[in-house]
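# Survey of secondary and tertiary structure
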Amino acid sequence: MSTVTVAARPSVGERAKAAGVAAIPYILAVLVAFVVVAIIIALLGHDPAKAFRAVLTNSFRNRTGMVQTLHKWVPLTLLALAFAIPLGAGRFNIGGEGQMILGATGAVAMGILLSDLPTVVLLPLLIVAGVAAGALWAGISAWLMQQFKVNEILSTVLLNFVSFEILDYLASVVWSDPGAGGAVTTAIGAGGELPRIGKPPMHIGVILVALLAIAAAFYARRSVAGFELRAVGLNERAAKLHGIRTGKVAVMSMIVAGALAGLAGAIEVAGVHHRMLEGIQSNFLILGIIIGLIARGSLTAVPFVAFGIAVLEVGAGSMQRTSGAPVEMVLILEGLILLFLLMSDWVTDQLRLRASRKAAA
Amino acid sequence: MSAPDAAPGGAAPPLLRMRGIRKTFGPVVALKDVDFTVGPREVHGLLGGNGAGKTTLMNVLYGLYAPDAGTIEIDGAPVVIASPKDAIAAGVGMVHQTFLQVDVFTVAENVVLGTDTSGVDVNGRIRELSERFGLAVDPAARIGDLPVGVRQRVEILKALYRGAKILVLDEPTTNLTPQEVDALFGSMRAIVDEGMSVVLITHKIRETMAACDRMTIMRDGAWIATVDAADTSPEDLAARMVGAAPASDETADVALGGTEIGDATLDVPEVTGPVRVVGSRLTVPGTGGKAVVEDVSIELCEGEILGIAGVAGNGQVELAETLTGCRPAHGSLTLDGTELVGRPTEAWLRAGVVYVPEDRQRDGILPGADITENLVLGAHRTRAKAGLIDWGRARREAVEAISEFAVKTPSAATACGQLSGGNIQRVILARAFAHNPKMLLLHNPTRGLDIASTQFVYDRIRAAAAGGCSVIVISEDLDEVIALADRIRVAYSGRLVGDFARGHADPYELGRLMTGVSGAA
């Protein structure tokens, strides 16, 4: 019998080469998306070079731009994780914005009802309430999915609509701020505000989420739970036959996702707005999905992709001011990057096929 | 036996002559310039292990694959076959392993499907064909209600109805009982007597010896030899099939598998030892009120191999999942006295119950995960420390397992789904044995494997039993069950029937039980 010892993994050089090859579709997708958007901007009668310079440099020109970008990066990262984690188990959480709104609701409830408490008590309470509310909201969908086989895509989307009404009711009736002239709640107590550092001030939610993102990436790679999540996503039947409680794993992934989205809501309240207002969810849900998909579900890649998207988002206003190209161009750009990336899968397959044919000939 | 001597260069041209057939799939050369000749009025065996290229060659003949090179002549005239339609027009009929039939249509409708029936007495013609060739079917029966053996007859009738001169049967005895095999071989003889020829694709030497006039042996996509049945012996065929591999003496045994069956009842001492597994009255309710596993009781000693024979679709998958804790059931199953029914699958695994499922891609592996991760699956909780998996150690152990189980792979980081069937099975077995199983259940463990891998699986199973593990082998290959098992039982319609000690099982008796004709209590 031939007993040739094989390598545990390919050599560092081979892995680097493979990573380089894997990066090609990403680079191409980004380039092609920029080219297409440049054409559109030019057709609209604006200067694409000027527009892109504004978009890409705004975050790095001064500290204000960077703080803005990082503040944007926080909910984007959390919402992308809230999409990517259930995706690992083959489940689709499209309810990130509802879970985020419920998180904001939990936080603002604590901040208003217990507004006199000092920071050491109120701030943790506020964060915990937000996380719990988000988890609970996602838990409804998880329970429906597990107990009654209700498709989680439908239940999470529909619960988003419920959350909009909850937000509207609380902001315009229960805790409405009469002076604000819109669906806005009164401010939370000072003890509920996230401390800020530096100048211009950055809330420490950024640091919290950075640590969380590192922990999530580590946990996904090394932990039993991360492995089980991956196994369920790769082959649910095989996972089940090898002792993994697949239903439990899927439910947990949804609840963790809800907790992260809820945290995003709490941080928006405690760190940015200090109140809850209509539209607090912004377009973080759709951007979170785009980030999760560009990252291809990799929790390690999510924070980096989220940073790139945050740069584009923050630069959008600056682009409109300097070049006149509308802010929507940025969303088109983001969508096209994803679209071309998905198309590149097909192109890569074709190239690989052709290469193998050539090798055979 | 009067083997017709259709020597090339004789007066009459052969019925079929394929010359220099070459077929590549990407970088893989599936057929290496194969020559294949079938004379008139002969049953020609096409013999070889899995992956030898037998089916590929016949798919070229049937127009399913376009060859890269080579020519085909029928009755001495060159033909171009670009599609099954051309093949049928040229007089070639083929019965595949999986039948393409419309379940809700009748037998007659399936037979004539796609032909012009105006002015044809369809039922009369089918009845005539079925009588002439001993292929008993009811033209009015619904296909979906018929057992595999009858559906196969319908496929043969379909080919004959379309005027086949050359009938290709691809592993036709899979899932047939010994009685049905005899009937099939009888029909093949009747077809040859009427002036047609039959190509029997098989990996079983016993079948070629029993049914064929001549045979062609293939290995690794190449033609090895064409011999008359009268001039050869099973040992000679086995040696040619296996080739000059280092372990060829042992592997030849596997190739021969079952040639001795029915010759004598051997007196082999029964395995006796402490009782390890006791299952009693295991039942799994089904959706339609009928149980999918019904009142199954088993008992296994340490080191005993229990074989469960049966035709596919008699509840084997459900039974396998019940006996390994993957499916909730009523009843009781104890391992070394510990009750396991009602506990989660993980508890069964921890107790030492290990399952090697039939569908390797769907149930056995995570195709997108690498070999290391697949080897960790199932043991990931027991080997974790503080909830974290030591992947460094896992990778080192994977390298050891790959060399011990001779998995052919570039590295341990290769995705499991990219491996061949035999290598996937080796990964699954490596994982199974890493659990130190006390009870090991394997379902169709060698299906689709080449001879060397089959031999490897048998060796491992026997070694596990010798080490005290109780083994259950559920297989649709009766020869496999007879070759491995100390005791044999039969799965029929969700139940277990019969109980025979090694050497006391008559294949025909087993065949009756497999079709539900109760003989033994």
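Fair warning: this is a prediction, and the values are worked out from it, not measured in the lab. (Residues numbered from 1 in each chain as written. Chains lettered and ligands numbered in written order. Predicted model: local features only at pLDDT ≥ 70, side-chain atom pairs only at ≥ 80, totals over all residues. Heavy atoms only, no water.)

### A closer look at the confidence of the model for chain B
Residues and elements named next belong to chain B. In this model, chain B carries a mean pLDDT of 88, and residues with pLDDT of at least 70 account for 92%. At the low end of the mean pLDDT range in chain B sits helix α9 (residues 248–256), at 57; at the high end sits strand β17 (residues 439–443), at 97. Scored below 50 in pLDDT, residues 1–10 makes 11 contacts in the model with residues more than four places away or belonging to other chains. Contacts for the low-pLDDT stretch residues 258–266, under 50 throughout, to residues beyond four places or in other chains number 10 contacts. Our summary of model confidence lists the complex with pTM equal to 0.83 and ipTM equal to 0.86. (pLDDT = per-residue confidence, 0-100. Helix = DSSP H or I, 4+ residues; strand = E, 2+ residues; numbered from the N terminus. Contact = heavy atoms within 4.5 Å.)

### Overview of the packing of aromatic side chains
All names here are of chain B. The final tally for this structure, using the stated rule, is eight aromatic pairs over all chains. Ring centres 6.3 Å apart and planes at 20 degrees place the aromatic pair Phe-405 and Phe-433 in the stacked group. Of this pair, Phe-405 sits in the loop between α14 (391–404) and α15 (421–434) while Phe-433 sits in helix α15, and the two are 28 residues apart along the sequence. Judged by its relative accessible area of 4%, Phe-405 falls in the buried class. (Phe/Tyr/Trp six-rings, centres within 6.5 Å; stacked < 30°, edge-to-face > 60°. Buried < 20%, exposed > 50% of the residue type's maximum accessible area, 1.4 Å probe, protein only.)

### Remarks on the interface of chain A and chain B
Listed by partner, the interface residues are 30 residues for chain A and 42 residues for chain B. When chain A packs against chain B, close to 3100 Å² is buried across both sides, 62% of that on carbon and sulfur atoms. It is A:Phe227, A:Leu241 and A:His242 in chain A that bury the most area against chain B; as a group they hold 23% of the surface buried on that side. Looking at the side of chain A that touches chain B, the elements with two or more residues in it are α7 (205–222), α8 (224–234), α9 (236–241) and α13 (328–360) of chain A. For the side of chain A that touches chain B, the leading source of residues is α8(A), giving six residues. Here the residues of the side of chain A that touches chain B sort into 15 nonpolar, seven polar and eight charged. (Buried area = accessible area lost by both parts, 1.4 Å probe. Nonpolar A, V, L, I, M, F, W, Y, C, P; charged D, E, K, R; others polar.)

### Considerations on the sheet that holds strand β20 (residues 495–501) of chain B
All names here are of chain B. Pairing within the open sheet is mixed, and its six strands lie in the order β16-β17-β18-β13-β19-β20. Two strands bound the open sheet, and with one partner strand each, they are β16 (353–356) and β20. Strand-to-strand twist across the sheet, computed as the mean angle between neighbouring axes with direction ignored, equals 20 degrees. In the sheet, strand β19 (residues 487–492) pairs with β20 via five bridges, with the strands oriented antiparallel. (Pairing = 2+ DSSP bridges. Axes fitted to C-alpha atoms, helices over the stretch in contact; angles between N-to-C directions.)

### Focus: the pairing of strand β11 (residues 275–284) of chain B
Residue and element names in this part refer to chain B. Across six bridges, β11 lies against strand β12 (residues 293–301) in antiparallel orientation. Residue Val-284 lies in a different strand from β12, and its bridge partner there is Val-293. Here five bridges tie β11 to strand β14 (residues 330–335), and the two strands are oriented antiparallel to one another. Of the residues in β14, the one forming a bridge with Thr-283 is His-330.

### Some details on helix α8 (residues 234–242) of chain B
When we look at burial in α8(B), the residues that qualify are B:Leu237, B:Ala238, B:Met241 and B:Val242. End-on view of α8(B): buried residues confined to an arc of 120 degrees, all on one side of the axis. (Arc of directions from axis to C-beta.)

### Section: the UniProt feature "transmembrane region" (unreviewed entry) in chain A
Residue and element names in this part refer to chain A. Within this structure's numbering, the places UniProt gives as "transmembrane region" (unreviewed entry) are residues 21–44, 73–92, 99–115, 121–145, 202–220, 249–272, 284–312 and 324–343. Between the C-alpha atoms that bound residues 73–92 there is a distance of 22 Å. The span itself is 80% helix and 0% strand. Split by type, residues 99–115 is 88% helix and 0% strand. Its first and last C-alpha atoms lie 23 Å apart. (UniProt positions renumbered as here; feature names shortened; annotations may be inferred.)

### Structural notes on the pairing of strand β8 (residues 197–202) of chain B
Residue and element names in this part refer to chain B. The buried fraction of β8 is high, at six of six residues. Here β8 shows a buried face lined by Ser-197, Val-199 and Ile-201 and a second buried face lined by Val-198, Leu-200 and Thr-202. Across five bridges, the pairing between strand β3 (residues 43–47) and β8 is parallel. Bridged to Gly-45 within β8 is Leu-200. Judged from the five bridges that link them, strand β7 (residues 166–170) and β8 form a sheet pairing that is parallel. Residue pairing in the sheet places Leu-169 in a bridge with Leu-200 of β8. Handedness of the β-α-β unit built from β7, helix α6 (residues 178–193) and β8 comes out right-handed. (Right-handed = clockwise from strand over helix to strand, strands pointing away.)

### Thoughts on the side chain of B:Thr345
Along the chain, the position of B:Thr345 falls in helix α11 (residues 345–351). Residues in contact with B:Thr345, not counting those within four places in the same chain, are A:Lys240, A:Leu241, A:Gly243, B:Thr324, B:Gly325 and B:Cys326.

### Re the environment of B:Glu318
Residue and element names in this part refer to chain B. Following the sequence through the fold, Glu-318 ends up in helix α10 (residues 316–323). Separated by 148 residues in sequence, Glu-318 and Ala-466 have C-alpha atoms that sit 28 Å apart. In this structure Glu-318 touches Val-292, Val-293 and Arg-327, once residues within four positions along its chain are discounted.

### Observations concerning the domain arrangement of chain B
Structurally, chain B comprises domain 1 (16–256), domain 2 (259–352 + 437–520) and domain 3 (369–436). Once you take the C-alpha centre of each, domain 1 of chain B and domain 3 of chain B turn out to be 39 Å apart. (Domains from an automatic or database assignment.)

### Overview of the packing of helix α1 (residues 12–43) of chain A against helix α2 (residues 48–61) of chain A
When two helices pack together, their arrangement is given by the angle between the helix axes and the distance between those axes. Residues and elements named next belong to chain A. Axis separation between α1 and α2 bottoms out at 9 Å; the angle between their running directions is 125 degrees. One way to sum up the angle between α1 and α2 is to call them oblique. Note on packing geometry: the crossing formed by α1 with α2 is right-handed. Along the contact surface, α1 presents Phe-34, Val-37, Ala-38, Ile-41 and Ala-42, while α2 presents Pro-48, Ala-51, Phe-52 and Leu-56. Its residues assigned to classes, the contact of α1 with α2 comprises nine nonpolar, no polar and no charged. (Parallel < 35°, antiparallel > 145°, perpendicular 65-115°, else oblique. Left-handed = near helix turned anticlockwise from the far one by under 90°.)

### Considering the sheet that holds strand β1 (residues 16–25) of chain B
All names here are of chain B. Here four strands make up an open sheet; going across it, the order is β2-β1-β4-β5 and the pairing antiparallel. With partners counted over all chains shown, the strands left at the sheet margins are β2 (28–38) and β5 (77–79), one partner each. Sheet twist, expressed as the mean angle between neighbouring strand axes with direction ignored, is 30 degrees. Each of β1, β2 and β4 (69–74) is contacted by helix α1 (residues 54–61), which is oriented at about 110 degrees to β1, the strand it contacts most.

### Regarding the nonpolar core
Within the largest apolar cluster, 93 residues are counted, with the highest numbers of intra-cluster contacts made by A:Leu76, A:Leu78, A:Ile291 and A:Met319. Sort the elements by how many residues they give to this core and helix α3 (residues 63–88) of chain A lands first, with 11 residues. Once residues within four sequence positions are removed from consideration, A:Met319 is found in contact with A:Ala51, A:Ala54, A:Val55, A:Gly324, A:Ala325, A:Pro326, A:Val327, A:Met329 and A:Val330. Judged by nonpolar contacts, the second largest core, of 51 residues, contains B:Ala108, B:Leu157, B:Met196 and B:Ala229. (Core = buried A, V, L, I, M, F, W, Y, C linked by side-chain atoms within 4.5 Å.)

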